[in-house]
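# Close look at the chain arrangement
Each chain is listed here by its residues.
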Amino acid sequence: QSEEEESAIAMASFTSIPIIDVRPLLDKSEDPRLGEYDDVADVVRKLDCACKEIGFFYAKGHGVSDALRNDVLSVSREFFQLSYDEKVKIKMSSATGFRGYQKVGENITQGLSDMHEAIDYYKEFEYGAYGGLGNALCGPNLWPEVPVNFQPTMEEYIKVMSGLARKIMRGIALALGGSPDTFEGKRAGDPFWVVRVIGYPPLNEVHCKESEHSEISCGAHTDYGLLTLVNQDAEVSALQVRHRSGDWIWAPPIPGTFVVNIGDMLKIWSNGLYQPTLHRVVNNNATYRVSVPFFLEPNFDALVEPLEFCKARSENADDIKPVIYGEHVERKVLTNFG
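Okay, so let's go over this structure.

### Digging into the packing of helix α3 (residues 38-53) against helix α6 (residues 150-176)
Interhelical geometry of α3 versus α6 gives an angle of 80° and a closest axis separation of 8 Å. Between α3 and α6, the crossing angle belongs to the class labelled roughly perpendicular. From α3, V44, L47, D48 and C51 reach across to α6, where they touch I168, G171, I172, L174 and A175. By residue class, the composition of the contact of α3 with α6 is seven nonpolar, one polar and one charged.

### Details of empty space enclosed by the protein
With the rule as written, the count across this model stands at one cavity of 30 Å³ or more. By volume, the largest cavity amounts to about 60 Å³. Around the largest cavity sit R166, M169, R170, P180, F183, E184, A188, L226 and L296, which together line it. Among the residues making up the lining of the largest cavity, the classes are represented as six nonpolar, no polar and three charged.

### With respect to the environment of V88
Looking at where V88 falls in the secondary structure, it is placed in the loop between α5 (84-87) and β3 (100-102). Between the C-alpha atoms of V88 and A67, which are 21 residues apart in sequence, the distance is 28 Å.

### Details of the packing of aromatic side chains
The geometry of an aromatic ring pair is captured by two quantities: the separation of the ring centres and the angle between the planes. Overall, the coordinates contain 16 aromatic pairs when judged by the stated rule. With a centroid separation of 4.9 Å and an interplanar angle of 65°, the aromatic rings of F192 and F300 are classed as edge-to-face. Of this pair, F192 sits in strand β7 (residues 191-200) while F300 sits in the loop between β14 (289-299) and β15 (303-304), and the two are 108 residues apart along the sequence. In this structure F192 comes out as buried when scored by relative accessible area, which is 2%.

### A closer look at unusual backbone geometry
Geometrically, the link from V146 to P147 is a cis peptide bond, its omega value of -5° lying close to zero. Even without a glycine there, the phi angle at F98 is positive, about 60°. Relative to the assigned elements, F98 resides in the loop between α5 and β3. The class of F98 is buried, set by a relative accessible area of 6%. Of note in the backbone geometry, N271 takes a positive phi value of approximately 60° without being a glycine. Residue placement: N271 occurs in the loop between α9 (264-269) and β13 (279-281).

### What to know about the nonpolar core
Of all hydrophobic cores here, the largest spans 80 residues; its most connected members are I172, L227 and L229. At 14 residues, the largest contribution of residues to this core is made by α6. Those residues within four positions of L229 in sequence are excluded, and the remaining contacts are M161, L164, A165, I168, F258, V259, V260, V292, P293 and F294. With 15 residues, the next largest nonpolar core counts I54, A118, C218 and V259 among its residues.

### Things to note about the sheet that holds β7
Strand pairing within a sheet occurs via backbone hydrogen bonds; the two strands may be parallel or antiparallel. Spatially, eight strands are ordered β1-β2-β12-β9-β14-β7-β6-β3 in an open sheet, and the strand pairing comes out mixed. The strands lining the two open edges of the sheet, one partner per strand, are β1 (19-21) and β3. Averaged over all pairs of adjacent strands, the angle between strand axes in this sheet comes to 25°, irrespective of strand direction. Two elements, β7 and β14, share seven bridges in a ladder whose sense is antiparallel. Bridge pairing links V195 to F294 in β14. Sitting on the sheet, α3 is in contact with β1, β2 (56-60) and β12 (258-262), with an inclination near 155° to β1.

What counts, and where the lines are drawn
- Residues numbered from 1 in each chain as written.
- Predicted model: local features only at pLDDT ≥ 70, side-chain atom pairs only at ≥ 80, totals over all residues.
- Heavy atoms only, no water.
- Axes fitted to C-alpha atoms, helices over the stretch in contact; angles between N-to-C directions.
- Helix = DSSP H or I, 4+ residues; strand = E, 2+ residues; numbered from the N terminus.
- Parallel < 35°, antiparallel > 145°, perpendicular 65-115°, else oblique.
- Contact = heavy atoms within 4.5 Å.
- Nonpolar A, V, L, I, M, F, W, Y, C, P; charged D, E, K, R; others polar.
- 1 Å grid on protein atoms, 1.4 Å probe; cavity = no way out; pocket = protein on both sides within 12 Å on 5 of 7 lines; lining within 4 Å.
- Points joined across faces, edges and corners; volume = space filled by probe spheres on them.
- Phe/Tyr/Trp six-rings, centres within 6.5 Å; stacked < 30°, edge-to-face > 60°.
- Buried < 20%, exposed > 50% of the residue type's maximum accessible area, 1.4 Å probe, protein only.
- Core = buried A, V, L, I, M, F, W, Y, C linked by side-chain atoms within 4.5 Å.
- Pairing = 2+ DSSP bridges.

Here it is as structure tokens:
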């Protein structure tokens, strides 16, 4: 069997999402001999298996404090509990570079309204920084005045998560058969990032009030970029991952972990060895759910095309086309809100 056939069989049979302790990788991430340590090699093998077979894993041993992760969820919940008039003070529009707050039903996935409210944040850049590329997304991030600690908490979180995600990508680079710094430099050495602060009301509270289509809180999708790390409420299970059979598998919160999944750009760079998996959110609980995913992206102006050492491991699939990341994400955002 070819590597692709073995991967397809494994992907068709997964029934749960693995938990990977990434601490050995993080502890030695800057060591030039990173790939030579047995404990790191074990993490790399597990990353390779998870990325090939499922596209998802739980990361533990990540070094992000419980206090910071909980503070992020807490200030997010406080914001969503504010009045609508207060929340729309940071309303998203094309004039804000699609940064800011959007009400329930405003975000579109696969042509249908999502039953969540959210604030979108993107790495800031100067207008014209990439020529004409991405100017529709240019603008200042919009921070609420209440809670007063919202902005400093999120800015600290973004800094910590950027570092964590880049270190995990060093392990993924090794898993693909490259050097640890494969995704540094012109590929993702100056990475764009996205943060979504998302609130999911119980579906029975929005049913027929905002939309006729309210069986799903967020429609099935894959993520645009490289790597997503999800900080989700500890008590509310709502995230689902699609089995290749078409069934949906729950990704319940596990204390002390992030849910991690790979994105569309890693599919291209890996030449299809790693396939992002469809996922969705269904909040059938009686409790409001908060989730704060951090998205590590390529450099905004990066040319994303299959890596040579990945092309040697797999045949180029027909659906894998090179893209400029900034064009890709701008098109996706305009589809969601434009």
